[in-house]
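Structure at a glance
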Amino acid sequence: MAKSATESTTKAATKRANAKTSKADKEDKPKRAPSAYNLFVQAHMKEWKEAHPGAPIKEAMSEIAVMWREAPENPNRGKEPKPRKPKAAAGAPKASRKKKQTPPPSSDAENTGEASDE
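Residues numbered from 1 in each chain as written. Predicted model: local features only at pLDDT ≥ 70, side-chain atom pairs only at ≥ 80, totals over all residues. Heavy atoms only, no water.

A few words now on the overall build of the chain. Scanning the chain from N- to C-terminus turns up 5 helices and 0 strands. The helix and strand sequence of the chain, counted from the amino end, reads α-α-α-α-α. Within the chain, buried positions represent 8% of all 118 residues. In the chain, once contacts between residues fewer than 6 apart in sequence are set aside, the share between residues at least 24 apart is 32%. Carbon and sulfur atoms form 54% of the exposed surface of the chain, whose accessible area is close to 12,100 Å². (Helix = DSSP H or I, 4+ residues; strand = E, 2+ residues; numbered from the N terminus. Buried < 20%, exposed > 50% of the residue type's maximum accessible area, 1.4 Å probe, protein only. Contact = heavy atoms within 4.5 Å. Areas by Shrake-Rupley, 256 points an atom, 1.4 Å probe, with all protein chains shown as cover.)

Here you go:
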């Protein structure tokens, strides 16, 4: 059977649709404005580093996050945190993975002479 023209057109269209974006496309895209939290962290990180030289960044971020909760710049200040969604979907529970069971020792292991009394 001969190939029809629609197959080749479809393949070409699919190829173009799946092509990766070039760097030129990414450069044209404007950068997103920093959030209020990003600006808050930038402003307080320098101060924190000066006060705590040599401390890990993880500790700095946790302390700045605590400061952010009560900061006047925080738009969600005083509100209750949103409840977290459950990890598994309620409608379709995932099948739990079963651990692989080790096979019982073979009879060959008994005949190797490991525990012979003779």
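Okay, the packing of aromatic side chains next. In total, this model carries 2 aromatic pairs according to the counting rule given. With a centroid separation of 5.4 Å and an interplanar angle of 75°, the aromatic rings of tyrosine 37 and tryptophan 68 are classed as edge-to-face. You can see tyrosine 37 sitting in helix α3 (residues 36-51) and its partner tryptophan 68 sitting in helix α4 (residues 57-69), a full 31 residues away along the chain. Judged by its relative accessible area of 12%, tryptophan 68 falls in the buried class. (Phe/Tyr/Trp six-rings, centres within 6.5 Å; stacked < 30°, edge-to-face > 60°.)

With that settled, the discussion passes to the side chain of asparagine 74. Inspection of the secondary structure assignment puts asparagine 74 in the loop between α4 and α5 (107-110). On the basis of relative accessibility, which here comes to 10%, the residue asparagine 74 falls in the buried class. Filtering out sequence-adjacent residues up to four positions away, asparagine 74 remains in contact with Trp68 and Arg69.

Topologically, histidine 44 is positioned in helix α3. The class for histidine 44 is buried, based on a relative accessible area of 19%. Excluding its chain neighbours within four sequence positions, the residues that come into contact with histidine 44 are Ile64 and Met67.

The next subject is the nonpolar core. Phe40, Val41, Met45, Trp48, Ala60, Ile64, Trp68 and Ala71 form the largest nonpolar core, which has 8 residues in total. Broken down by secondary-structure element, the contributors of at least two residues to this core are α3 and α4. Per element, the largest residue contribution to this core is 4 residues, and it comes from α3. The residues contacting isoleucine 64, other than those within four sequence positions of it, are Phe40, Val41, His44, Met45 and Trp48. (Core = buried A, V, L, I, M, F, W, Y, C linked by side-chain atoms within 4.5 Å.)

The next point concerns α4. The end-to-end C-alpha distance of α4 is 19 Å, a good match for the 18 Å that 13 residues give at a rise of 1.5 Å each. Taken together, the buried positions of α4 are occupied by Ala60, Ile64 and Trp68. Projected down its long axis, α4 shows its buried positions confined to an angular sector of 75°, all on one face. Those residues of α4 that are exposed and angled more than 90 degrees off the buried face are Lys58 and Arg69. Looking at the packing, one finds that the buried side of α4 touches α3. (Expected span 1.5 Å × (residues − 1). Arc of directions from axis to C-beta.)

Purely spatial values, then, with no claim about function.
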